[in-house]
Amino acid sequence: MRPSVRAAFGLVLFAGSLGAATPGVDPALMDRTVAPTRDFYRFANGAFDAQPIPPERSSSGVNLEIDNRNRAILKEIAETCAREAAAEGTPAQRIRDFYLSGMDQAAIDKAGVEPLAPTLKAIAAARTPADLAVLMGRLSRMGVTAGFAFGVEQDPKSSRTHLPAVSQGGLGLPEREFYFRQDPTTRDQRAAYVKHIARMFELAGVRPGPAARVLALETRLARVSRKLVDLRDPEANYHKLDRAAVAAAAPGFPWAAWYRAVELPATEPYLDLGQPEYVRGLGRLLHQVPVADWKAYLTYRLLSTLAPYLGSGLEAEDFAFYGKKLTGSQEMRPRWERVLGVVDAGIGEDLGQLYVQRAFSPQAKAKVQEMVKFHLEALRASIRRATWMGEATKLQALKKLDSLNAKVGYPDAWRDYRTMGLKAQPFVLNVLAARAFETRRALAKLGRPVDPGDWEMSPQTNNAYYNPCLNEIVLPAGILQPPFFDERADDASNYGELASTIGHELLHGFDDQGSQFDAEGNMRNWWTPEDRKAYEAQTEAVVRQYEAYEPFPGVHVQGRQTLGENLADIGGLKISLEAWKLASAGKPQATVDGLTPEQRFFVGFAQSWRTNMRPELERTILQSDVHCPPRLRVTGPVAALPEFRAAFPGAPADRKASDAQFTLW
Ligand SMILES: [Zn+2]
């Protein structure tokens, strides 16, 4: 997956964008005065550095270009639906009512926080820890994370069944360490956060208590939270317990009240407690911290989560903190675009049906499926010839690879949203209807077998994922777009550009987390101890390679936190290179624009990451994301691959990076 920092990665049409005209690798983006072995990102993208970042963005680049085009298509779909009559219960009716309610700024301002009055009143009436647990359950059903996050997952150890799960969550700052770091930037962010909370209360006309108490409570929640890096071990974050064991593990939490409020069926015996010490700490804090402080916290969670739908004042304040302060955006994106994002999140497959008709041909789908096939073949060959892995482990790895499923473009069957109840009503009520629908959909999965046809992203999404429990890669049509993928481009370009998608997601199946799941999608150790040791010795080298990177003075890459993504980046690039070689075997290869076919492949890869980013966002990504910022997603992988040094001979100036030698796969 690509990184997501709240409000950071939405994008807009960018007139005169470089690289739009040429299919595939674009020589106009390159800066050939930079030695490729010194800074490959700039060699491939140097001319793009001058491209300004629009004021309403924290970044611009290849993703902006694709998102702009996708959004223009979705806008045309939404506006067509808005103009035309549609039968009740059809995708067109839902798109029309949702979109129009979001575009009606006057009605949204008029409604303000009034639609939330019953919930705000219920929070104000809380007296006991049990009342607070009821509220947490009630907010959870509205899609508001408070105290902890709740959801229904595929049971990691019984992958064809579902399991309700809670996990640490409900902090207003991006990540645990934001509560403790003492550098001037973070201290300033915390001070701004308290002011922001106070203004949110004021704008909503509520007085639940001093804003500083919210920060104090969140700091105590952060203290019992695991660090990001400790969330990476799936085994250590899995605690499937029955209700008696849940009560014993976190005795302070009023479970019975919460089960009822969240409407967890009594027939469902288990809960995955995720991080038990966190839930134990939360239970303790429910008793230790005054109820008044909890009420202020819950009020803020509700207002903050729904701020974009509660009128101009709250929406602007939310943007001022999360958009401007934390990610450096200067202006809000246009209304239609923000609304489309909400419609997409709510009824993505309604939009998706109409999107793929316009933007993803059957030929494109067939071509990508063929590319996937060559990737699987390349990884299979790589596993077979690996010298660091014994035969027993190889057999298991090959079994996993052979059962891996690839979903390309869009689902076989479309999701049915008819019971969502979207209609002409205040925007926030449609948003809440969509959120309630998602909760019902999740809870309805309990007791039923997993649907292997389900998609977690809508077809128009410019992103992709690997799901270890279904052992599948999912490549939505929205990311299989120029310049990442262009039917008119040559193979060197397409394989290079999609290395960050096909190769990357495929290799997530074998990264530090994915490698802990087997062919059936169950969390099970299929490695011999020696082979696992050899694997980890190599991943340690990748940790060291990335920890040496220091994009801002004193701010290093978190090598362990980003390990899985970096492994997928490096391994994915290597396997895509080999897949391309398999695909082009026997076909004549020419030097184009002074680049050999191998060089075109690598330049294509680097160009798939071209991005100019505000330092605020880059810093936030380094401190809170499991992905590296885009530039490092080029320089890191190429530095680790001998194949790159063969394609671009020359002495690398960066000794630290060039010492890295990736030998997995
Ligand atoms: Zn990833």
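Here is what the cut-offs are and how they apply
- Residues numbered from 1 in each chain as written.
- Predicted model: local features only at pLDDT ≥ 70, side-chain atom pairs only at ≥ 80, totals over all residues.
- Heavy atoms only, no water.
- Helix = DSSP H or I, 4+ residues; strand = E, 2+ residues; numbered from the N terminus.
- Rg over C-alpha atoms; globule rule 2.2 N^0.38 Å.
- Buried < 20%, exposed > 50% of the residue type's maximum accessible area, 1.4 Å probe, protein only.
- Areas by Shrake-Rupley, 256 points an atom, 1.4 Å probe, with all protein chains shown as cover.
- Lys, Arg positive; Asp, Glu negative; His and termini not counted.
- Charge placed at Lys NZ, Arg CZ, Asp CG, Glu CD.
- Axes fitted to C-alpha atoms, helices over the stretch in contact; angles between N-to-C directions.
- Parallel < 35°, antiparallel > 145°, perpendicular 65-115°, else oblique.
- Left-handed = near helix turned anticlockwise from the far one by under 90°.
- Contact = heavy atoms within 4.5 Å.
- Polar contact = N/O pair within 3.5 Å; in protein donor to acceptor, adjacent residues only side chain to side chain.
- Phe/Tyr/Trp six-rings, centres within 6.5 Å; stacked < 30°, edge-to-face > 60°.
- Domains from an automatic or database assignment.
- Buried area = accessible area lost by both parts, 1.4 Å probe.
- Salt bridge = Lys/Arg side-chain N within 4 Å of Asp/Glu carboxyl O.
- Expected span 1.5 Å × (residues − 1).
- Patch = residues over 30% accessible without salt bridge, like charges linked within 9 Å, V, L, I, M, F, W, Y side chains within 5 Å.
- Core = buried A, V, L, I, M, F, W, Y, C linked by side-chain atoms within 4.5 Å.
- pLDDT = per-residue confidence, 0-100.
- Arc of directions from axis to C-beta.

Description of the overall build of the protein chain
From N to C terminus, the protein chain includes 26 helices and nine strands. Against the compact-globule benchmark of 26 Å for 665 residues, the protein chain has a radius of gyration of 25 Å, which places it among compact chains. In terms of overall dimensions, the protein chain has a C-alpha envelope of 75 × 60 × 50 Å along the principal axes. Counting over 665 residues, the protein chain shows a buried share of 60%. For the protein chain, the computed accessible surface area is about 25200 Å², with 55% contributed by carbon and sulfur atoms. Between the averaged position of the 81 positive side-chain charges in the protein chain and that of its 79 negative side-chain charges there is a distance of 4 Å.

Here's the deal with the packing of helix α21 (residues 563–583) against helix α22 (residues 597–607)
Between α21 and α22, the least distance of the axes is 11 Å, while the angle of their chain directions is 140 degrees. In terms of their interaxial angle, α21 and α22 are classed as oblique. α22 is crossed by α21, and the crossing has right-handed handedness. Of the residues in α22, those in contact with Leu573, Ser576, Leu577, Trp580 and Lys581 of α21 are Pro597, Glu598, Phe601, Phe602 and Phe605.

Section: the environment of Lys400
Within the element layout of this structure, Lys400 appears in helix α16 (residues 391–402). For Lys400, a relative accessible area of 0% translates into the label buried. Through-space distance from the C-alpha of Lys400 to that of Phe510 is 9.4 Å; in sequence the pair is 110 residues apart. Discounting chain neighbours no more than four positions away, the residues touching Lys400 are Tyr466, Asn471, Gly509, Phe510, Gly514, Phe517, Asp518, Ala519 and Trp526. Within the structure, the side chain of Lys400 is placed 3.0 Å from the backbone oxygen of Gly509, a separation counted as a polar contact.

Some remarks on the packing of aromatic side chains
As enumerated under the stated definition, the model contains 33 aromatic pairs in all. Geometrically, the ring pair formed by Phe40 and Phe644 is edge-to-face, given 4.7 Å between the ring centres and 70 degrees between the ring planes. With Phe40 in helix α1 (residues 40–45) and Phe644 in helix α25 (residues 642–647), this residue pair connects regions lying 604 residues apart in the sequence. Of the residues examined, Phe644 reaches a relative accessible area of 5% and is grouped as buried.

Quick look at the domain arrangement of the protein chain
Domain parsing of the protein chain yields domain 1 (27–53 + 362–411 + 464–658) and domain 2 (127–310). Computed from C-alpha coordinates alone, the two centres of domain 1 and domain 2 are separated by 35 Å. Contacts between the two partners involve 21 residues from domain 1, matched on the other side by 20 residues from domain 2. For the pairing of domain 1 and domain 2, the buried interface totals around 1700 Å² over both sides, and the portion due to carbon and sulfur atoms is 52%. Summed over the shared surface of domain 1 and domain 2, the result is one salt bridge. Between Asp512 and Arg232 there is a salt bridge, with the nearest N and O atoms lying 2.9 Å from each other. Our count for the contact surface shared by domain 1 and domain 2 stands at ten residue pairs in polar contact (both at pLDDT 80 or more).

Considering helix α11 (residues 276–288)
With 13 residues, α11 extends 18 Å from end C-alpha to end C-alpha; this agrees with the ideal 18 Å at 1.5 Å per step. Listed in full, the buried residues belonging to α11 are Pro276, Tyr278, Val279, Gly281, Leu282, Gly283, Leu285 and Leu286.

Re the environment of Lys399
Of note, Lys399 is situated in helix α16. Judged by its relative accessible area of 44%, Lys399 is partly exposed. Counting along the chain gives 119 residues from Lys399 to Asp518, while the straight-line C-alpha distance between them is 8.4 Å. Once residues lying within four places of it in the same chain are set aside, the contact partners of Lys399 are Ala519 and Glu520.

A short note on the side chain of Asn494
By secondary structure assignment, the location of Asn494 is in helix α18 (residues 491–497). Using a relative accessible area of 2% as the deciding quantity, one classes Asn494 as buried. Ignoring anything within four residues of it in the chain, the contact list for Asn494 reads Met371, Phe484, Phe485, Asp486 and Ala489.

Focus on a positive patch on the surface
Positive charge collects at one region of the surface, where Arg220, Arg223, Arg280 and Arg284 lie side by side. Within the element layout of this structure, Arg223 appears in helix α8 (residues 211–223). Judged by relative accessible area, which is 53%, Arg223 ranks as exposed.

As for the nonpolar core
Core analysis: the biggest nonpolar cluster contains 183 residues, and Phe40, Phe148, Trp255, Trp258, Trp294, Phe602 and Trp665 have the highest contact counts within it. Here this core gathers at least three residues from each of two domains, domain 1 (27–53 + 362–411 + 464–658) and domain 2 (127–310). Not counting the four nearest positions on each side in its chain, Trp665 is found in contact with Leu379, Ser382, Ile383, Trp388, Met389, Leu507, Phe510, Tyr535, Lys574 and Ile575. One finds Tyr238, Cys469, Phe517 and Met523 within the second-largest nonpolar core, a separate group that totals five residues.

Remarks on the confidence of the model for the protein chain
Mean pLDDT over the protein chain: 93, with 95% of residues reaching 70 or higher. Within the model, the stretch residues 3–20 combines pLDDT values under 50 with 65 contacts to residues more than four positions away or in other chains.

Concerning the environment of Tyr297
Along the chain, the position of Tyr297 falls in helix α12 (residues 291–306). Taking the C-alpha atoms as reference points, Tyr297 and Leu285, twelve residues apart in sequence, are found 13 Å from one another. Among the polar contacts listed, one links the side chain of Tyr297 to the backbone nitrogen of Gly147, at a separation of 2.9 Å.

Description of helix α20 (residues 529–547)
Relative to the 27 Å expected for 19 residues at 1.5 Å per residue, α20 spans 26 Å between its end C-alpha atoms, a close match to the ideal helical length. Of all the positions in α20, only Asp531, Arg532, Tyr535, Gln538, Thr539, Val542, Val543, Gln545 and Tyr546 are classed as buried. Mapping the buried residues of α20 onto a view down its axis gives an arc of 160 degrees, with all of them on the same face. Exposed residues pointing more than 90 degrees away from the buried face of α20 are listed as Pro529, Glu530, Lys533 and Arg544. As for α20, its buried residues are in contact with α16, α21 and α24 (632–640).

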